[in-house]
Amino acid sequence: MSVLCVGDLRAERGEKTSGYVQIHGADFGIPVTLICGAQEGKTVLISGGVHNAEYVGIQAAMELADELNPREVIGNIIIIRLMNRTGFERRTMSVVYEDGKNLNREFPGSAGGTLAERICYTVENMFLRQADYYIDLHCGDGFEGLVSYVYCQGAAAPEVVKKSREMAEIAHVDYLVESSLGRGGAYNYAGSMGIPGILLERGCSSLWCKDLVEEDKHDVRNILRYLGVLEGKPHRHGKPPIDVGEVIYEDAGHSGCWYPTRQPGETFRKGEILGKICDYFGNVLEICTAKKDGVILYETISLCIMRGTPMIAYGSWDEETMGKIVKQCAVCGNDHDAHHTHLHC
């Protein structure tokens, strides 16, 4: 296409333009940058702020939007700088301020639904339908500790799953998770539309720093080069992400005080206690026990935990893979025991 248009925004060949794209049925817009490359090619959608307190991804999206040069782009790049704008401006965590809904649980959304559903509807119809590939940037929310990892699609057409995995394997993160879902998350829903996509997780606790943002930008640029949308040759890192198996997501069965026994990036064996929930008098309400051998991807790190909210998520694997992980740290290459945390490397 010689002209790239989203809503009222328009960029002609070799141009970049930024502004707001109106949310369907709402009285505000979300900040977007369109980059129409100097040459024809594929279109990549990049988004930050699906979760509005995950600042590493938001800042990386904003800086990429400012720094990418249309003269070096083959095709088009659409960047949603901040998807959940009202949540960001009111400093909520994970959810849209007006309705308390998590955007990554609402795709494809609804034109007549609540604000979160209308945001998802807008993103699907105005953004995803123009995209050939999708990169979604996340990090750990204010209450989450997290080790760096990447999701690829697993519940899509074989050619989409293959391309998504290839994109994910380029990322310079510790672990790779293949999702089994085809709906809900933006990148999962993109897969159901035939769009290869990934979700990149880096950073935690709603903290951001220049180094983490630069790592995100490095990964995105490298993936863009692999896709042939940015000039230059992609490179693969010496240690690709370690492929974890099934991911087990544990939500809290009680509200109370949460006491984890492991940190993100630590490995453990089946049957080990991963944490407990107590009441205000120290009485144990719930014990979280590992169902399989694995590694902690993210967990709640706040003392407060609420019933039905995320408690811990961990990747699991067979004995052979577990032995490799225990023997050699994915980050520094040194030998460690099973309770070593990669965050210390």
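Predicted, not measured: the structure shown is a model, and the values here were computed from it.

Novice: Pulling in residues and values, what's your account of the overall build of the chain?
Specialist: Within the chain one finds seven helices and 20 strands. The C-alpha atoms of the chain give 20 Å as radius of gyration, which agrees with the globular expectation for 345 residues (20 Å, within 12%). Judged by the C-alpha coordinates and their principal axes, the chain covers about 60 × 45 × 35 Å. For the chain, the residues scored as buried account for 55% of the 345 residues in total. Counting only contacts in the chain whose residues sit at least 6 apart along the sequence, the fraction spanning at least 24 positions is 69%. When the accessible surface of the chain is totalled, it reaches about 14300 Å², and 50% of it is carbon and sulfur.

Novice: I'd love a proper account of the nonpolar core, names of residues and values included.
Specialist: With 49 residues, the main nonpolar core has Met83, Phe127, Tyr134, Tyr175 and Leu297 as its most contacted residues. Per-element tally for this core: the top contributor is helix α3 (residues 115-127), with six residues. In contact with Met83, other than residues within four places in its own chain, are Ile30, Ser47, Gly48, Gly49, Val50, Leu103, Phe107, Ile119, Val123 and Tyr134. The next biggest cluster of nonpolar side chains, apart from the first, holds 33 residues, and it includes Ala61, Val73, Cys139 and Ile170.

The rules behind these values
Residues numbered from 1 in each chain as written. Predicted model: local features only at pLDDT ≥ 70, side-chain atom pairs only at ≥ 80, totals over all residues. Heavy atoms only, no water. Helix = DSSP H or I, 4+ residues; strand = E, 2+ residues; numbered from the N terminus. Rg over C-alpha atoms; globule rule 2.2 N^0.38 Å. Buried < 20%, exposed > 50% of the residue type's maximum accessible area, 1.4 Å probe, protein only. Contact = heavy atoms within 4.5 Å. Areas by Shrake-Rupley, 256 points an atom, 1.4 Å probe, with all protein chains shown as cover. Core = buried A, V, L, I, M, F, W, Y, C linked by side-chain atoms within 4.5 Å.

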